[in-house]
Amino acid sequence: MGIDEYVAELNRALAGPPGPRRDLIVEARDSLTDAADALEAEGLDRAEAERVAVAGFGPVEEIAPGYQAELTCASGRRLGTLLFLSVPITVLMWSVLWRLYPGAETAWLSKPSWYAPVSRLLDVAQLAVGLYGGLVLLALGRGARWIRRPRLPTRSLAVAVWVSLPVTGGLGLLLTYGSGQPATLAALPALLANLVTAALWGLQIYGASRCLRVTRPVVAPCPS
């Protein structure tokens, strides 16, 4: 197997963010090319030099798990960063808007008794996910040397996103429409806030889906 074939097979065996995966593939190709160049300088023809370099590098099934662990860490760090930054921004944005642009001041006077606890629960649920994102980011960053199985925190963070978004969305709808006189925001601020929230939720769903795909269990082929 030549360098091109080996690198192509390694690329097919990996899953993760395009940028980090491309960097790893380029790094592997450069290492193989340097080894093949050195062997060619010692007298081997190019094809044989590439075969020897590939053999010395190791089979794809042995090399890929180490590379995949790095890509899993990269996916988890990206999602953790997104949550750690976007969740507090979302909570702060809505808190400020409710105080600056209420649609009707009388609506605040007729809030049901459950309104305040549900509102606090929504804030706590959102901030808990953001905090967990920060913890995973820390674990896969500075603590990566002690994390032997990056798949677990990465996958758990993705699951947390998929669980939290329906919960927070439902609580938000309950706060908006669950009372007899919903305290709706003024039209333009509400539209802009919803657009920002939808964009951030879309990014979170995309990142969580990628993390689930990267960390999906590998099913061994059935023996023939």
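Use the structure listed above.
Draft legend 1. Geometry of the environment of Arg46. Within the secondary structure, Arg46 sits in helix H3 (residues 46–57). C-alpha separation for the pair Arg46 and Gly2, spaced 44 residues apart in sequence, amounts to 9.5 Å. Setting aside anything within four residues of it in sequence, one finds Arg46 in contact with Ile3, Thr33, Ala36, Asp37 and Glu40. At a separation of 2.9 Å, a polar atom in the side chain of Arg46 contacts the side chain of Glu40.

Draft legend 2. Region of interest: a negative patch on the surface. There is a patch of like negative charges on the surface, built from Asp23, Glu27, Asp30, Asp34 and Glu70. Residue contributions to the negative patch peak at four residues, all from helix H2 (residues 18–41). Summarising the element assignment, Asp34 is placed in helix H2. You can call Asp34 exposed: its relative accessible area is 52%.

Draft legend 3. View of helix H1 (residues 3–13). Buried within H1 are the following residues: Ile3, Tyr6, Val7 and Leu10. Seen from one end, H1 has its buried residues packed into an arc of 95 degrees, which puts them on one side. Those residues of H1 that are buried lie in contact with H2, H3 and helix H4 (60–100).

Draft legend 4. Layout of the side chain of Arg210. Residue position: Arg210 is located in helix H7 (residues 187–214). Of the side chains with opposite charge, Asp23 lies nearest to the buried Arg210, which makes no salt bridge, at 12 Å. In contact with Arg210, not counting residues within four places along its chain, are Pro17, Pro18, Ser75 and Arg78.

What counts and how
Residues numbered from 1 in each chain as written. Predicted model: local features only at pLDDT ≥ 70, side-chain atom pairs only at ≥ 80, totals over all residues. Heavy atoms only, no water. Helix = DSSP H or I, 4+ residues; strand = E, 2+ residues; numbered from the N terminus. Contact = heavy atoms within 4.5 Å. Polar contact = N/O pair within 3.5 Å; in protein donor to acceptor, adjacent residues only side chain to side chain. Patch = residues over 30% accessible without salt bridge, like charges linked within 9 Å, V, L, I, M, F, W, Y side chains within 5 Å. Areas by Shrake-Rupley, 256 points an atom, 1.4 Å probe, with all protein chains shown as cover. Salt bridge = Lys/Arg side-chain N within 4 Å of Asp/Glu carboxyl O. Lys, Arg positive; Asp, Glu negative; His and termini not counted. Charge placed at Lys NZ, Arg CZ, Asp CG, Glu CD. Buried < 20%, exposed > 50% of the residue type's maximum accessible area, 1.4 Å probe, protein only. Arc of directions from axis to C-beta.

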